[in-house]
Amino acid sequence: MTNPYGGPPSGPNPQQPYGQQPGGYGPPSGPMPQQPYGQPAPYGQPGYGAAPPNNNIGWGIGSIFLCWPFAIPSLIKATSVQNLWAQGQFQQAQEAADEAKKWGKIGIIVGACGYGLLILFYIVIIVIAGIAASSYSSY
């Protein structure tokens, strides 16, 4: 039944005009549930507003210049951290961040050692060439 004078609807099942839901707009009223300070959120998940872990993409980018084969898994893992976090897979996101850091560090260490050995090799070749050249010119 409707009110002919333009007031709110009345009757056994009043409907809101224009499909509005009861309660109106805006944030819900009443107290918001809070976690006690220092207590984990339910089900072991981070609380509201928790930041995702550092994706450690810098390790992958650094290892590109020194040893790119190890940079590939580092970059793949680093780019999956944000996606996993957004899906609610918090433990997998942290594991992917740790894996990205591990592969990036391996790439940097292997690349730095490789370049160090290469420099050492060139130094040995130059020294051998210098000794050989001095032995021929000693008449």
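Everything quoted here is computed from the prediction, not taken from an experiment.

About the criteria used
Residues numbered from 1 in each chain as written. Predicted model: local features only at pLDDT ≥ 70, side-chain atom pairs only at ≥ 80, totals over all residues. Heavy atoms only, no water. Helix = DSSP H or I, 4+ residues; strand = E, 2+ residues; numbered from the N terminus. Buried < 20%, exposed > 50% of the residue type's maximum accessible area, 1.4 Å probe, protein only. Contact = heavy atoms within 4.5 Å. Areas by Shrake-Rupley, 256 points an atom, 1.4 Å probe, with all protein chains shown as cover. UniProt positions renumbered as here; feature names shortened; annotations may be inferred. Expected span 1.5 Å × (residues − 1). Phe/Tyr/Trp six-rings, centres within 6.5 Å; stacked < 30°, edge-to-face > 60°. Core = buried A, V, L, I, M, F, W, Y, C linked by side-chain atoms within 4.5 Å.

(A) A look at the overall build of the protein. When helices and strands are tallied, the protein shows three helices and zero strands. Counted from the first residue to the last, the protein has its helices and strands arranged as α-α-α. Taken across its 139 residues, the protein has 14% of its residues classed as buried. By sequence separation, contacts in the protein at least 24 residues apart represent 58% of the contacts at least 6 residues apart. Just so you have it, the protein exposes about 11100 Å², and 64% of that area is on carbon and sulfur atoms.

(B) Layout of the UniProt feature "transmembrane region" (unreviewed entry) in the protein. The sites that carry the UniProt feature "transmembrane region" (unreviewed entry) are, in the present numbering, residues 57-76 and 108-133. The straight-line gap between the two end C-alpha atoms of residues 57-76 is 9 Å; of that span, 95% is helix and 0% is strand. Its end C-alpha atoms 37 Å apart, residues 108-133 is made of 100% helix and 0% strand.

(C) Main features of helix H3 (residues 90-136). With 47 residues, H3 should reach 69 Å at 1.5 Å per residue; the first-to-last C-alpha distance of 69 Å fits that figure. Looking at H3, one finds that the buried residues are Phe 90, Ala 93, Ala 96, Ala 97, Ala 100, Gly 104, Gly 107 and Gly 111. Along its buried surface, H3 packs onto helix H1 (57-66) and helix H2 (68-86).

(D) Main features of the side chain of Ser 74. Tracing the chain through its elements places Ser 74 in helix H2. By relative accessible area, which is 0% here, Ser 74 ends up buried. Ser 74 has contacts with Trp 59, Gly 60, Ala 100, Trp 103 and Gly 104, leaving out every residue within four places of it along the chain.

(E) Inspection of the packing of aromatic side chains at higher detail. Taken as a whole and judged by the stated rule, the model has three aromatic pairs. Relative to Trp 103, the ring of Phe 70 lies with its centre 6.0 Å away and its plane at 15°, an arrangement referred to as stacked. Of this pair, Phe 70 sits in helix H2 while Trp 103 sits in helix H3, and the two are 33 residues apart along the sequence. By relative accessible area, Phe 70 is classed as partly exposed at 24%.

(F) The arrangement of the nonpolar core in detail. The biggest cluster of nonpolar side chains holds seven residues, and these are Val 81, Leu 84, Trp 85, Phe 90, Ala 93, Ala 96 and Ala 97. If you list the elements that add at least two residues to this core, you get H2 and H3. Excluding anything up to four places from it in sequence, Ala 93 contacts Pro 53, Val 81, Leu 84 and Trp 85.

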